[in-house]
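Analysis of the macromolecular model
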Amino acid sequence: MPPIHYTVRFPFPHLHYAELEARFPVEGKKELELFLAVWTPGSYLIREYARHVECLAARTDRGEQLSAIKTRKNRWRISSPQALDEIIISYRLYCKELSVRTNFVDESFALLVGAATFLNIVNDFSRPFIVTLELPSHWSASCSGLPGTGNVFSAPNYDTLIDCPILAGNPVTQSFTVEQKEHLLVNVGDTALWDLPQVVGDVARIVREHAALWQTGLPYDRYLFLNLLTGGGGGLEHMNSVVMMTDRLAPRTRDSYIGWLDLVSHEFFHVWNVKRLRPAELGPFDYENEVYTSNLWIAEGFTEYYGLLAVRRSGLTTDEEFLGSNRPAGKETATGSLSGLIERLQTTPGRLQQPLALASFDAWIKLYRPDENSINSSISYYVKGPVIAWLLDARIRSATAGARSLDDVMRAAYARFSGPIGFAEGDFLAIIQEVSATDMKDWLQSLAHGTDELDYGDALNWFGLRFKPSAPPGTPTKAWTGFATKTEAGRLMVTQVPRNTPAWDAGVSVDDEILGIDGYRVRPDQWEQRMEQYRPLEEISILVSRRERLLDVTLRLAAEPLRAWLLELDPGASEVQRQHFSSWVGALASTLASVGELI
Ligand SMILES: [Zn+2]
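What comes next concerns the included structure. (Residues numbered from 1 in each chain as written. Predicted model: local features only at pLDDT ≥ 70, side-chain atom pairs only at ≥ 80, totals over all residues. Heavy atoms only, no water.)

Check the secondary structure of the protein chain and you find 18 helices and 28 strands. The C-alpha atoms of the protein chain give 27 Å as radius of gyration, which agrees with the globular expectation for 599 residues (25 Å, within 12%). Along the first, second and third principal axes, the C-alpha atoms of the protein chain reach 85 × 65 × 50 Å. Residue burial in the protein chain is summarised as follows: out of 599 residues, 54% are buried. Residue pairs in contact within the protein chain that sit at least 24 positions apart in sequence constitute 69% of those at least 6 positions apart. When the accessible surface of the protein chain is split by element, carbon and sulfur atoms take 49% of a total near 25,100 Å². The distance from the centre of the 58 positive side-chain charges to the centre of the 74 negative ones in the protein chain is 2 Å. (Helix = DSSP H or I, 4+ residues; strand = E, 2+ residues; numbered from the N terminus. Rg over C-alpha atoms; globule rule 2.2 N^0.38 Å. Buried < 20%, exposed > 50% of the residue type's maximum accessible area, 1.4 Å probe, protein only. Contact = heavy atoms within 4.5 Å. Areas by Shrake-Rupley, 256 points an atom, 1.4 Å probe, with all protein chains shown as cover. Lys, Arg positive; Asp, Glu negative; His and termini not counted. Charge placed at Lys NZ, Arg CZ, Asp CG, Glu CD.)

Here the focus is the coordination of the zinc ion. At the metal site, the zinc ion is ligated by His 266 (NE2), His 270 (NE2) and Glu 300 (OE), and these contacts range over 2.0 to 2.1 Å. By relative accessible area, which is 0% here, His 270 ends up buried. Overall, the relative accessible area of 1% leaves Glu 300 in the buried class. (Donors = N, O, S within 2.8 Å, 3.2 Å for Na, K, Ca; no water.)

Here we come to the side chain of Arg 278. If you trace the backbone, Arg 278 turns up in the loop between helix H4 (254-269) and helix H5 (296-313). Notably, Arg 278 is buried but unbridged: the nearest opposite-charge side chain belongs to Glu 281, and the N-O separation is 7.2 Å. Among the polar contacts listed, one links the side chain of Arg 278 to the backbone oxygen of Gly 283, at a separation of 3.1 Å. Engagement of the side chain of Arg 278 in a polar contact is seen with the backbone oxygen of Pro 420, the distance being 2.9 Å. (Salt bridge = Lys/Arg side-chain N within 4 Å of Asp/Glu carboxyl O. Polar contact = N/O pair within 3.5 Å; in protein donor to acceptor, adjacent residues only side chain to side chain.)

Of all hydrophobic cores here, the largest spans 101 residues; its most connected members are Phe 225, Trp 260, Trp 390, Tyr 456 and Trp 584. In this structure Tyr 456 touches Ile 342, Leu 345, Gln 346, Val 387, Trp 390, Leu 391, Phe 467 and Trp 565, once residues within four positions along its chain are discounted. Ranked by size, the runner-up nonpolar core spans 68 residues in total, among them Val 26, Val 100, Leu 167 and Leu 228. (Core = buried A, V, L, I, M, F, W, Y, C linked by side-chain atoms within 4.5 Å.)

Right, let's get into the state of the cysteines. Tallying each qualifying case throughout the model produces zero disulfides. Summary of cysteine pairing: Cys 55 is not part of a disulfide, and the nearest cysteine sulfur, belonging to Cys 95, is at 14 Å. Taking the relative accessible area as the measure of exposure, Cys 55 reaches 56% and is therefore exposed. (Disulfide = S-S within 2.5 Å.)

Okay, a nonpolar patch on the surface next. A contiguous nonpolar patch, built from Tyr 292, Leu 358 and Phe 361 and spanning about 260 Å² of accessible area, is present on the exposed surface. If you trace the backbone, Tyr 292 turns up in the loop between H4 and H5. (Patch = residues over 30% accessible without salt bridge, like charges linked within 9 Å, V, L, I, M, F, W, Y side chains within 5 Å.)

The next thing to look at is helix H10 (residues 381-399). If you check H10, its first and last C-alpha atoms are 25 Å apart, about what 19 residues at 1.5 Å a residue would give, namely 27 Å. Counting buried residues in H10 gives 15 out of 19 residues, a clear majority hidden from the surface. The distance from a side-chain oxygen at the start of H10 to the backbone nitrogen of Tyr 382 is 2.9 Å, and the residue carrying that oxygen is Ser 380. Just downstream of H10, Ala 401 is the residue with a positive phi angle, here 50°. (Expected span 1.5 Å × (residues − 1).)

Moving on, we get to the sheet that holds strand E13 (residues 166-169). An order of E6-E7-E13-E10 is seen for the four strands of this open sheet, with the pairing classed as antiparallel. The open sheet has two edge strands, strand E6 (104-105) and strand E10 (141-144), and neither has a second partner. Where E6 meets strand E7 (residues 109-112), two bridges bridge the pair, whose relative direction is antiparallel. What sits directly across from Val 105, in E7, is Ala 110. (Pairing = 2+ DSSP bridges.)

When the charged atoms of two side chains with opposite charge come close together, those side chains can pair. Inspection of the entire model under this criterion finds 30 salt bridges. When the shortest N-O distance is used, the salt bridge between Arg 92 and Glu 54 registers 2.9 Å. On the criterion of sequence distance, the pair formed by Arg 92 in strand E5 (residues 75-94) and Glu 54 in strand E3 (residues 53-59) is long-range, its members being 38 residues apart. Residue classification places Arg 92 among the partly exposed residues on the basis of a relative accessible area of 28%. Looking at Glu 54, the relative accessible area reads 23%, which means it is partly exposed. Asp 163 is the salt-bridge partner of Lys 275, the closest N and O atoms lying 3.2 Å from each other. In this pair, Lys 275 sits in the loop between H4 and H5 while Asp 163 sits in the loop between helix H2 (158-162) and E13, placing the two residues 112 residues apart along the sequence.

With that out of the way, let us pick up the packing of helix H3 (residues 196-214) against H5. Between H3 and H5, the shortest axis-to-axis distance is 9 Å and the interhelical angle comes to 110°. Taken together, the axis directions place H3 and H5 in an arrangement best described as roughly perpendicular. Where H3 crosses over H5, the two elements pack in a sense that is right-handed. Residues Ile 206, Glu 209, His 210 and Leu 213 of H3 pack against Tyr 306, Ala 310, Val 311 and Arg 313 of H5. (Axes fitted to C-alpha atoms, helices over the stretch in contact; angles between N-to-C directions. Parallel < 35°, antiparallel > 145°, perpendicular 65-115°, else oblique. Left-handed = near helix turned anticlockwise from the far one by under 90°.)

See below:
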């Protein structure tokens, strides 16, 4: 089949435009219907990429203009009075949304996300593509998971084209080899604070640790970590690459560097879980409509669990950093730790409203479209999913006296359901039962579809862990309203009212402006100090402005809940429990080659 040829130019990159020209072979037809995807796999939101298309025009190879009529928000029908061999389409794309799943172009670099960029023929997914980039003279290179030389790439079909973002500019690239496969760390932005040989060594350790878990060999020829030091955050997984965003300052603090390693690890686990072992619904994709699955808690939740665990197993974090027990009792947990996930789960009232499977199904309208009430109405599968994975891991280990683990479940699921077949929830749960040789059907059902509080007792007991006592007895408790605020244009505004807090019970509303307490004015900068002057159980009257009306709201203060979710090794843990812990967090990869050998 003759390929569709794309040429991408950047005549005015500082204005955030890319110009595209596509030559579609039409084999003697008079009509061609084209579409642009409305979402991109891995990110479950209708993004309406077509809103950035401008000046779409069609012509013959002799330059005769053809009619191009829009038939839907994201479709165009091209018509010709006579039969043609080829139709040439040109359009401009506005590229100024800096995220891992949208296009961005400026004078320094371009990130082209396939779904947001390339038009395709409706209902025709099998044609090959050739993409040629014409770079501004001050850009040195482009790269992609697609094969290619210079700035010309090819894709065997549309799905592959969409799954291989293209990065162009002046990247700083380091390469390393694991299991004879080439890996590239491609950095865009200011790398002055990045000790790249050290960083590459750390990434290689993560790659080796995941490879040791899956035992399938690395299932690609070459892999690219596209690391955009642009500020912002997040990652989006692809078949042989990942786009990650972070801050150029990330290596400056231990916490932010661990956060980046966790991101690398999470995204790399997707090489297997999601990109090759996936819920049956997630491929082949309908790029023009929502694709619903109830299994993102496995696809994303388990990936988050193994993301953190592999960083620990590879020796890049300590037990304390992995658990989160390096924080003082009563203080906020580290986000990239098991404690951080548990605390977020246990302080989100929505956990008692929305089952995990439904959180996955509704990702399109809830997780990806959060609002001020999300904390009350929903739970993230990125938060509850990994906690469930941990409980499952512990249950399997204890049911098999330590002989099997969730690692065995992942390997068995891969052996049976990777590739085009995909898995249904029942398939995955059946493997868990098989590996553990235990009937846990009802428990699994409640984890995925229930909203009951989780019981951590068995997992703590197996691994010899405990939640750190949060405060010594007799420590005075702070008065607490439960609502969150921000200062906006000098006004103290309520931003969140979690369910079952004093503020919720009193009817405080998001967007209320706090003006005073008990008959006296309170300015934004005085709020915290004023609260410290009250005691739990006291009743206060808060003067608020609600849509310009002045109201008194009577609120009975409560005691601020103790932060009681910091995991730590139980000082009284037995030798057997300590062994369980070590075999859980211990390295799977054999002795690591030195960094020097890897690069
Ligand atoms: Zn993910």
